[in-house]
Amino acid sequence: MAITANVDLGNDVSASSCYIIVPNARVIKNEDDSFSLVYNVDIYKDASDRATNNISKQIRCRAVDHHKTTYDPTTSDNPFKLAYTDLKTNSKLSSVADA
């Protein structure tokens, strides 16, 4: 599973048609007994750069790289599916499409 999108990197700089994946997503139980979905995002220039699996090929964007959102274990779907759904709503991404 992956998406493509234009990424606003800040300072009027953007990267177009990036290949974006969620390599890990985990559900954690908070001290107040609520649950959170925590996931990381890897951004690559394109699918070819992703295929190398080389960390030096990743594009960094703090507003996109790491996320935490609420999670309801009684009604929530697969954590990875929810991570991608949440990621698609990120304001730093535009022209989002499934890859």
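Preceding this paragraph is the structure being described.
Each value, and the rule that gives it
Every chain's residues receive numbers from 1 upward, in the order its sequence appears when written. In view of the model being predicted, local features appear only for residues whose pLDDT reaches at least 70, and side-chain atom pairs are presented and counted only at 80 or more, with totals across whole chains, interfaces and linings using the full set of residues. Hydrogens and water are ignored here; the side-chain numbers use all heavy atoms of the structure. Secondary structure is summarised from DSSP: a helix means a run of H or I of at least four residues, a strand means a run of E of at least two, and numbering begins at the N terminus for each. Within these notes, the globule rule equals 2.2 Å times the number of residues to the 0.38 power, and the radius of gyration is based on C-alpha atoms. Three labels apply to residues, based on accessible area from a 1.4 Å probe with only protein chains included: buried if under 20% of the type maximum, exposed if over 50%, partly exposed otherwise in between. We call two residues in contact when some of their heavy atoms are within 4.5 Å. Only the protein chains shown count as cover for residues, with accessible areas throughout obtained via the Shrake-Rupley method and a probe of 1.4 Å. Within this scheme the basic residues Lys and Arg register as positive and the acidic residues Asp and Glu register as negative, but His and the chain ends are omitted. Think of each charge as sitting on NZ of Lys, CZ of Arg, CG of Asp or CD of Glu. Nonpolar core, defined: a set of buried Ala, Val, Leu, Ile, Met, Phe, Trp, Tyr and Cys residues in which side-chain atoms within 4.5 Å join the residues together. Criterion used throughout: strands pair if DSSP finds at least two bridges between them. By construction, the arc corresponds to the directions joining the helix axis to the C-beta atoms. Whenever a nitrogen or oxygen atom comes within 3.5 Å of another N or O atom, the pair is scored as a polar contact, on the condition that within protein one atom can donate a hydrogen and the other can accept it, and that pairs from neighbouring residues in sequence are kept only if both atoms are in side chains.

Peer 1: So what exactly am I meant to see when it comes to the overall build of the chain here?
Peer 2: Assigned secondary structure in the chain consists of three helices and six strands. When the elements of the chain are put in sequence order from the N terminus, they spell out β-β-β-α-β-α-β-α-β. In terms of C-alpha radius of gyration, the chain reaches 14 Å, essentially the compact-globule figure of 13 Å for 99 residues. The burial tally for the chain puts 33% of its 99 residues in the buried class. Within the chain, contacts between residues at least 6 apart in sequence are counted, and of these 54% link residues at least 24 apart. Carbon and sulfur atoms provide 46% of the accessible area of the chain, an area that totals close to 6100 Å². Positive and negative side-chain charges of the chain, numbering 11 and 13 respectively, have mean locations separated by a distance of 5 Å.

Peer 1: It is not clear to me how the nonpolar core should be interpreted in this structure. Could you clarify?
Peer 2: In globular proteins that are soluble, nonpolar side chains generally tend to be buried together. V7, I20, Y39, I43, V64, L87 and L93 are the most contacted members of the largest nonpolar core, which totals 23 residues. Mapped by element, the contributors of at least two residues to this core are β1 (3-10), β2 (13-29), β3 (35-44) and α3 (79-87). Those residues in contact with I20 that sit more than four places away from it in its chain are A2, I3, A5, V7, V41, D42, I43, Y84, L87 and L93.

Peer 1: Help me understand the pairing of β1, please; the structure alone is not making it clear to me.
Peer 2: It is a general feature of regular strands that their side chains alternate between the two faces of the sheet. One ladder, built from six bridges, connects β1 with β2; its direction is antiparallel. In the sheet register, T4 faces β2, and the bridge partner there is Y19. Joining the antiparallel neighbours β1 and β2 is a turn of two residues, in which N11 adopts a positive phi near 55 degrees. Bridge count for β1 against strand β6 (residues 93-98) is four bridges, and the pairing is antiparallel. The partner of T4 across the bridge, within β6, is A97.

Peer 1: I would appreciate a short explanation of α3 in the present structure.
Peer 2: Among the residues making up α3, those that are buried are A83, Y84 and L87. Projection of α3 onto a plane perpendicular to its axis shows the buried side chains occupying an angular sector of 95 degrees, all on one side. Residues of α3 that are buried in the fold lie against β1, β2, β3, α2 (62-65), β5 (66-71) and β6. With a side-chain oxygen positioned 2.7 Å from the backbone nitrogen of F80, the residue opening α3 is N78.

Peer 1: Whenever I open this one, the side chain of D42 confuses me. Can you help?
Peer 2: Position of D42 among the secondary structure elements: in strand β3. Side chain to side chain, D42 and Q58 meet in a polar contact 3.4 Å long. With near-sequence residues (within four places) excluded, D42 lies in contact with Y19, I20, I21, P23 and Q58.

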